[in-house]
Amino acid sequence: MKILVINGPNINMLGIREPGIYGNGSYKDLLEYIKKEAGSGGDEVECFQSNHEGDIVDKIQSAYGIFDGIVINPAAYTHTSIAIYDALKAVNLPAVEVHLSDITKREEFRQISYAGMACIKTFAGYGFEGYSLAIKSLKSYFENR
Ligand code: DQA
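Residues numbered from 1 in each chain as written. Predicted model: local features only at pLDDT ≥ 70, side-chain atom pairs only at ≥ 80, totals over all residues. Heavy atoms only, no water.

**Student:** What's the story with the pattern of salt bridges in this structure? I'm lost.
**Tutor:** When the charged atoms of two side chains with opposite charge come close together, those side chains can pair. What the rule picks out here adds up to seven salt bridges. Where D43 meets K139, a salt bridge forms, and the shortest distance between an N and an O atom there is 2.9 Å. A residue pair is termed long-range when its members are at least 10 positions apart, and D43 in the loop between α2 (27-40) and β2 (44-49) and K139 in helix α5 (residues 129-143) qualify at 96 residues. Classification of D43 as buried rests on a relative accessible area of 10%. Among the residues examined, K139 registers a relative accessible area of 26% and is labelled partly exposed. For K105, the salt bridge is made with D102, and the minimal N-O distance between the two is 3.1 Å. (Salt bridge = Lys/Arg side-chain N within 4 Å of Asp/Glu carboxyl O. Helix = DSSP H or I, 4+ residues; strand = E, 2+ residues; numbered from the N terminus. Buried < 20%, exposed > 50% of the residue type's maximum accessible area, 1.4 Å probe, protein only.)

**Student:** I keep staring at the site of the ligand and nothing clicks. Help me out?
**Tutor:** Around the ligand lies a shell formed by R17, Y22, N73, A75, A76, H79, H99, L100, S101, I103 and R110. The separation between an oxygen atom of the ligand and a polar side-chain atom of H79 is 2.7 Å. Surface burial for the ligand is 98%, taken as the share of its 320 Å² of free accessible area covered by protein chains. Class assignment of the residues belonging to the shell around the ligand gives a composition of five nonpolar, four polar and two charged. (Near = heavy atom within 4 Å. Polar contact = N/O pair within 3.5 Å; in protein donor to acceptor, adjacent residues only side chain to side chain. Areas by Shrake-Rupley, 256 points an atom, 1.4 Å probe, with all protein chains shown as cover. Nonpolar A, V, L, I, M, F, W, Y, C, P; charged D, E, K, R; others polar.)

**Student:** Whenever I open this one, the packing of aromatic side chains confuses me. Can you help?
**Tutor:** The description of an aromatic ring pair rests on the distance of the ring centres and on the angle between the ring planes. All told, the structure shown has three aromatic pairs when counted by the stated rule. Aromatic pair Y141 and F142: ring centres 5.3 Å apart, planes at 85 degrees, arrangement edge-to-face. Judged by its relative accessible area of 24%, F142 falls in the partly exposed class. Positioned over the ring face of F67 is K2, at 5.1 Å from the centre of the ring. (Phe/Tyr/Trp six-rings, centres within 6.5 Å; stacked < 30°, edge-to-face > 60°. Lys NZ or Arg CZ within 6 Å of the ring centre and 35° of its normal.)

As structure tokens, this is what we get:
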């Protein structure tokens with residue numbers, strides 16, 4: 001399987017950013033973790049991070065016809081971006097939403113996820129492991145189709 005992993009704004013600040021919420025691992029550590037997890041399942045993975053909504057939309061669009069599925073942590077854009085929701089619907093690739101923290105137990109403004117409405121599943125609150133769970137769930141989606 002060819003998987004595109006997209007991370008949104010401030011995910012590049014992992015390790016520095018609110019470690020009590022997001023953990024001590026850096027973004028580089030996260031990339032290594034994702035590559036190891038995907039590799040052990042025989043999957044090919046490309047990771048992309050941007051702090052810009054339009055760039056994330058462009059990246060989702062560019063996945064059409066190239067990738068089998070998308071793992072996405074839209075970060076703060078989760079709660080605001082209809083453009084990202086529309087892009088996921090447009091390419092119509094199976095997508096799984098990931099959040100390092102458990103957004104369901106946080107502030108009111110984090111309770112809505114637009115991107116999540118275009119995803120087949122959400123993993124929130126599992127830290128790095130959420131990305132591995134997302135890759136596995138894309139795999140089982142294809143196996144059970
Ligand atoms: C996040 C949760 C979002 O609410 C927040 O804006 C982030 C990170 C997470 O991974 O827990 O930037 O997506």
